[in-house]
Structure formats: C-alpha cells, structure tokens
Amino acid sequence: MKAQNIEKLGFLIHDVARLMRKRLQERGSEYGLSAAQWRLLFQLLKDEGVPQARLAGLLEIEPISVSRLIDRMAEAGWVERRIARTDRRVRMVFATPRARAAYGAIKEIGGAVYEDALAGMSDDERLALVGALQKMADNLGGAAATPC
C-alpha cells in the first residue's frame, strides 16, 4: 500500500507527542515538574511501588538519570524511596500523598490537552485514530505493547 504522505508518519507522530508534552508542561507549570518528571509521576500513580531500576526501563532512560530525577522529586515532596521488604538492596519508589492529591488536577490538565489536540475531530475520527495508534503499537511492540 502506498498512501500519499506516508513518509511523514514518523515525523508527525513524533511532532504530535512533542507538542502534547510541551502543552502539558505549559499548562501544568504551577506544579514545577519537567516532562520527564510528569512521566515518572504518571507511571508511579499507575503502578505504585516500582523498583527504581524497573522505572528506568519503563521510562526508557538510564538508571543514573532516573536516580537523579527521583532525587529532585523526593526533595520536592512528590515521591519517596523505600527499601524493598524482600531485598534490602532494592529501592522501591512511591508517590507521596502530595502527588496523589494533585493527580485529579493533573488528569484534568491532560484531558484539556487531549481536547486541544483532537479539536475538530468527530467521535468516530477520534476512535479510529486511537485504534490505529494502538494497532501500530501492537504491530511494533508485540507482547511488549501495553494498551493505554
């Protein structure tokens, strides 16, 4: 299949993701979190008590970078480290009550950014877009692709 402008697909997906991150950061600037910190916080709120090393893999960043990110977030009161019960060498990362309290407002900001991005699209177009992106993730990631 040769569709018109298909060669732009990767650039468009990357651009849309970048612009959404930028808009999210602008709208959520009152929280003082970087895009990487937002991603880490969302991951923790979805999957509480994650080993620090696993967080690096989930976020696709180097372990030393995730360690520094967690250091800054811990200092600001967003996350806390705890030693794992089963292995004292493993550091588990948890969202703090401050992060959980802000979660509702953060989700509202995210919803507003999604609405901005999807403006002018019908419900059918929105469903088709999400379905197509999920199919692409499944095709490329196989079992590693996780539904949103």
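Calculation rules
Every chain is numbered independently, its residues counted from 1 as its sequence is written. Predicted model: local features are reported for residues with pLDDT of at least 70 only, side-chain atom pairs are reported and counted for 80 or more only, and whole-chain, interface and lining totals are derived from all residues. Think of the side-chain values as coming from all heavy atoms in the structure, minus any hydrogens and water. Salt bridges are defined by distance alone: a side-chain nitrogen of Lys or Arg within 4 Å of a carboxyl oxygen of Asp or Glu. Helix and strand assignments come from DSSP, with helices taken as H or I runs of at least 4 residues and strands as E runs of at least 2, each series counted from the N terminus. Every residue carries a pLDDT, the predictor's confidence in it, which falls somewhere between 0 and 100. Throughout, nonpolar core names a set of buried Ala, Val, Leu, Ile, Met, Phe, Trp, Tyr and Cys residues whose side chains join them through atoms within 4.5 Å. Three labels apply to residues, based on accessible area from a 1.4 Å probe with only protein chains included: buried if under 20% of the type maximum, exposed if over 50%, partly exposed otherwise in between. Any pair of residues with heavy atoms lying within 4.5 Å of one another is described as a contacting pair.

### Points about the pattern of salt bridges
So, step 1. Scanning all chains against the criterion turns up nine salt bridges.
So, step 2. Between D15 and R18 there is a salt bridge, and its shortest N-O distance comes to 3.1 Å. Highlighted residues: D15 and R18, both in helix α1 (residues 9–27), separated by three residues, approximately one helical turn.
So, step 3. Connected through shared salt-bridge partners, R23, R27 and D116 make up one network.

### Brief notes about the confidence of the model for the protein
So, step 1. A residue-level look at the protein finds 93% of positions with pLDDT of 70 or above and a mean pLDDT of 88.
So, step 2. Ranking the helices and strands of the protein by mean pLDDT puts helix α6 (residues 123–141) first, with 95, and helix α2 (residues 35–46) last, with 86.

### Some details on the nonpolar core
So, step 1. One finds L40, L41, L55, W78 and V79 to be the most contacted residues of the largest nonpolar core, which totals 25 residues.
So, step 2. Mapped onto this core, the elements with two or more residues apiece are α2, α3 (52–59), α4 (63–75), β3 (91–95) and α5 (97–118).
So, step 3. Sequence-distant contacts of L40, that is, excluding residues within four places in its chain, are made with L55, L59, V66, L69, I70, M73 and V79.

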